[in-house]
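Structure assessment
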There are 2 protein chains.
Amino acid sequence: MTIPTLNETHDPTLQSWVHSANEGDTDFPIQNLPFAQFRRQDSEEEFRGGVAIGDQILDLSRVASLSVFSDAAQIAATECAESTLNKFMAMGRETWSALRLAISRGLRLNSADEKKLADCLLPQRDAEYALPCHVGDYTDFFASLNHAEKTGSLFRPDNPLSPNYKWIPIAYHGRASSIVISDHPIHRPSGQMKVKGSSEPGFGISQKLDYEMELGIVMGAGNRLGEPIKIEEAEQHVFGVCLLNDWSARDIQAWESRPLGPFLGKSFITSISPWIVTLEALLPYRKPFQRSDGEPKPLDYLDSPTNQRQGAVDINLEVSLLTPSMQANQQAAEVISNSNFVDCYWTIAQMVTHHSVNGCNLRPGDLLGTGTQSGPQRQEGGCLLELSLAGREPIALSNGETRAFLQDGDTVVMRGWCDNGDGPRIGFGRLVGTCSTALTSQND
Amino acid sequence: MTIPTLNETHDPTLQSWVHSANEGDTDFPIQNLPFAQFRRQDSEEEFRGGVAIGDQILDLSRVASLSVFSDAAQIAATECAESTLNKFMAMGRETWSALRLAISRGLRLNSADEKKLADCLLPQRDAEYALPCHVGDYTDFFASLNHAEKTGSLFRPDNPLSPNYKWIPIAYHGRASSIVISDHPIHRPSGQMKVKGSSEPGFGISQKLDYEMELGIVMGAGNRLGEPIKIEEAEQHVFGVCLLNDWSARDIQAWESRPLGPFLGKSFITSISPWIVTLEALLPYRKPFQRSDGEPKPLDYLDSPTNQRQGAVDINLEVSLLTPSMQANQQAAEVISNSNFVDCYWTIAQMVTHHSVNGCNLRPGDLLGTGTQSGPQRQEGGCLLELSLAGREPIALSNGETRAFLQDGDTVVMRGWCDNGDGPRIGFGRLVGTCSTALTSQND
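In short, a report on the structure.

Basis of the calculations
- Residues numbered from 1 in each chain as written.
- Chains lettered and ligands numbered in written order.
- Predicted model: local features only at pLDDT ≥ 70, side-chain atom pairs only at ≥ 80, totals over all residues.
- Heavy atoms only, no water.
- Least-squares fit on C-alpha atoms with pLDDT ≥ 70 in both.
- Contact = heavy atoms within 4.5 Å.
- Pairing = 2+ DSSP bridges.
- Helix = DSSP H or I, 4+ residues; strand = E, 2+ residues; numbered from the N terminus.
- Axes fitted to C-alpha atoms, helices over the stretch in contact; angles between N-to-C directions.
- Salt bridge = Lys/Arg side-chain N within 4 Å of Asp/Glu carboxyl O.
- Buried < 20%, exposed > 50% of the residue type's maximum accessible area, 1.4 Å probe, protein only.
- Phe/Tyr/Trp six-rings, centres within 6.5 Å; stacked < 30°, edge-to-face > 60°.
- Lys NZ or Arg CZ within 6 Å of the ring centre and 35° of its normal.

Digging into the relation of the copies chain A and chain B
It takes a turn of 180° to lay chain A on chain B, together with a shift of 0.0 Å along the axis; the resulting RMSD is 0.0 Å. Viewed as a symmetry operation, the transformation between the two copies matches a two-fold axis. The C-alpha atom lying nearest the rotation axis in chain A is that of A:G261; the distance is 2.2 Å. Taken together, the interface assignments show that 100% of the residues at the interface of chain A recur at the interface of chain B, consistent with an identical surface on both copies.

Comments concerning the sheet that holds strand β1 (residues 35-40) of chain B
All names here are of chain B. Read from one edge of the open sheet, 5 strands run β4-β3-β2-β1-β5, paired in antiparallel fashion. The two strands at the open ends of the sheet, each matched to only one other strand, are β4 (121-123) and β5 (127-130). Along the sheet, successive strands turn relative to each other by an average axial angle of 50°, direction set aside. Examined bridge by bridge, β1 and strand β2 (residues 48-53) share 4 bridges and lie antiparallel to one another. If you follow A36 over to β2, its bridge partner there is G50.

Points about the interface of chain A and chain B
Of the residues lining the interface, 66 residues belong to chain A; the matching set on chain B comes to 66 residues. Along the contact surface separating chain A from chain B lie 4 salt bridges. A salt bridge links A:R175 to B:D366; the shortest N-O distance between them is 2.7 Å. Those elements that place two or more of their residues in the side of chain A that touches chain B are β7 (171-173), β10 (190-193), β11 (202-205), α7 (250-256), α8 (264-267) and α11 (348-356) of chain A.

Considerations on the environment of A:V319
All names here are of chain A. Looking at where V319 falls in the secondary structure, it is placed in strand β20 (residues 316-322). When its relative accessible area of 1% is taken as the criterion, V319 is described as buried. Separated by 107 residues in sequence, V319 and E212 place their C-alpha atoms 9.4 Å apart. Not counting residues within four places of it along the chain, the set of residues in contact with V319 comprises Y211, M213, E334, V335, I336, S337, V412, V413 and M414.

Some remarks on the pattern of salt bridges
When their charged atoms lie close together, side chains carrying opposite charge are able to pair. Residue and element names in this part refer to chain A. Under the defined criterion, the tally for this structure stands at 54 salt bridges over all chains. For E386, the salt bridge is made with K150, and the minimal N-O distance between the two is 3.3 Å. Placement of the pair is E386 in helix α12 (residues 384-387) and K150 in helix α6 (residues 145-155), with a sequence separation of 236 residues. Summarising the burial analysis for this pair, E386 and K150 share the class buried.

Topic: the side chain of B:R108
Residues and elements named next belong to chain B. Note that R108 resides in the loop between α4 (93-107) and α5 (114-118). Residue R108 is classed as buried on the basis of its relative accessible area of 15%. Ignoring any residue separated from it by four or fewer positions in sequence, one finds R108 in contact with E8, T9, L14, Q15, S16, W17, I30 and L101.

Points about the packing of aromatic side chains
Residue and element names in this part refer to chain A. With the rule as written, the count across this model stands at 22 aromatic pairs over all chains. Ring centres of F35 and F239 lie 5.7 Å apart, and the angle between their planes is 65°; this geometry places the pair in the edge-to-face category. Placement of F35 in strand β1 (residues 35-40) and of F239 in strand β14 (residues 238-245) is noted, with a sequence separation of 204 residues between them. For F35, a relative accessible area of 3% puts it in the buried group. One aromatic cluster is present, built from ring pairs that chain together F35, F88, W96 and F239. One residue, R291, lies across the ring of Y345, its end atom 3.7 Å from the ring centre.

Shown next as structure tokens:
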């Protein structure tokens, strides 16, 4: 295996002829180049692949039809013209890299292709997005020790962690059908739950709707059934990373989860950001995978020199809340928590390797959630369950409102970005969801 | 909603001009007519839809191209010519029924279409099968109270059932990518496990490979995200039922399952039978949904007059084991357990309704496992974990061998059939899997 190294696409001094890409506040400088599926808003056009540059989208379908690129990059652009990116994701790291290089060169200041590529741009404000790929299977990990400890201690103060936690990247299978793209309305689910003190469960509308700030790991080339992925090869199979909100109904989840884990408390909806930041773009933000003294050493199959040296990724995560009252008073959304993926107990490579170690096959476009990402401090919780101590201490917003859980009309905005102080930051865009009023109960 | 009633296709006196369909030992009399995806063995042909009749397959692709049928049945047959049955499954109950009626009439003794249809037959012994549909999501229920109680009592003798068991059709999301068709080799997975008495977990090859005798419920027309399926309409959304073996690695499962449920102990492989028996074919075998005295009444959303009257289905289930030693001595596989789906604590309609009550969308071809089906008696356990009391009392085979769990080379054969004493029995064919030698450990 070749371990990728920084190349010309990472040069922090690069500038683009798309001027908005050179501004300090953009998520999408020329060093980023994330992928999405888009079309002109409110149109009947086919969705196709695009790459973000500043406040524009480079339409890869048009790039392919104009044959701006050659060789592997042209073939890759042609695959990106399809209605999902799955085939492109299946092509593997060398092809992704060839396309990235061609796009980077074409979008640079003084590119000979500026005129042709300028013809392939659509402003992001005029676009709408679809899921970037068909998600065959969605798996959700539980990889933040801070989250596991803090939520565990709410319910089992003496014994917050299960005995396997520090050995296994714990995960459960999630629901693929109900994954939606950013801005999809979030319906409040109904279900069975047991109110404290009542002897029998009842049926009703969830009163404990929550978000979970996660990252989504999008698989590239898969593995065959029965053939595990070794940890030194794991990242070759990963296409990129997006933001993920694992919406949760805590009352439904609490009553249903024993003994087989979360089910309807999660499967009503899961949303992801439109933009997938490639693993190659994240290369300048890799960090050593470090465990505190006294933590167990990972078993051999979850350990490797590369993972130790650069298994972690420094990604800042932020959750904001916009309530109906803020909106009515034209206030901006309020940041309610920050965390960083570098604090995660398990790395991307460890999650991929563990998932396939039994021979389970991962396919291009499959999605792995990292689990809620929480920092060590109380205000760094990645969900309201943590921040409000399971509703016992509602959080206070600066306009005087409080929240134990989400209320109808609340909008949750998630962001993520990398910034190593050396050149422009690269961002993940926004993942937005607004809680709609409750579904009519089946019993009405 | 119209509740389906027996029609001419269920007439127990019907006979077919395909003589093998009239023999007493066939699974596939003209009253059955289950669907599969097949092609000529070892060929490069496209897989296409077919219907079993006696020892033959009616090739629906050929039926469609010869335009043997008309109207809805012709349109349906055309969809069955595709490489998966998902589109046909999406068409809904009236269309499935129209095609069933046309096939039944065409295959009857003295059919005017005998000559044309005889040209569309392939012997089953010359065929190979693919998954009948693309499975978007796979969910596994835990719907047999006998199984839940017996396995629960192995590990928690004082408290075998979780408090929600009799209120919720408990389920977890399973892995769709590793679902395979009958006869696919079953690899023994590696993984993390904790040996009794050791202070730390280790990595190795599973020593506790098990089968689970389940039924698979295959979804037809789906529901939209956010729109639950009411129980009185649930069965309209179900295409049919197949056999399902939820292979399990008990040692991996035991160590990983807390707190989020089974993961790698299950996701290495799941196999299903090629033939899907339609819900319409199962109509003569419906039974009242009965709960013993003292059992709680289901909550309103899981209760309906139709479900009470005929929610259950009388399906006999049988597991046989063929060991390498039996094979060497030319012995037949030995039946090691029997059970019946009529004993299931939850009905198909209850599982579908519960799954969607939070607004989760089910799609055509989605698969719901019923969970291991066990009868009330010890020898009616649907898995070795139950039969051998978690390995403490290995079962004795008539050739003197014993089994606590499966050994390499063991073949598990599952069968299912309905027989109400009134006409021919209808069967599900066979679901076969042979345990291959272990995967090479990643650490070798």
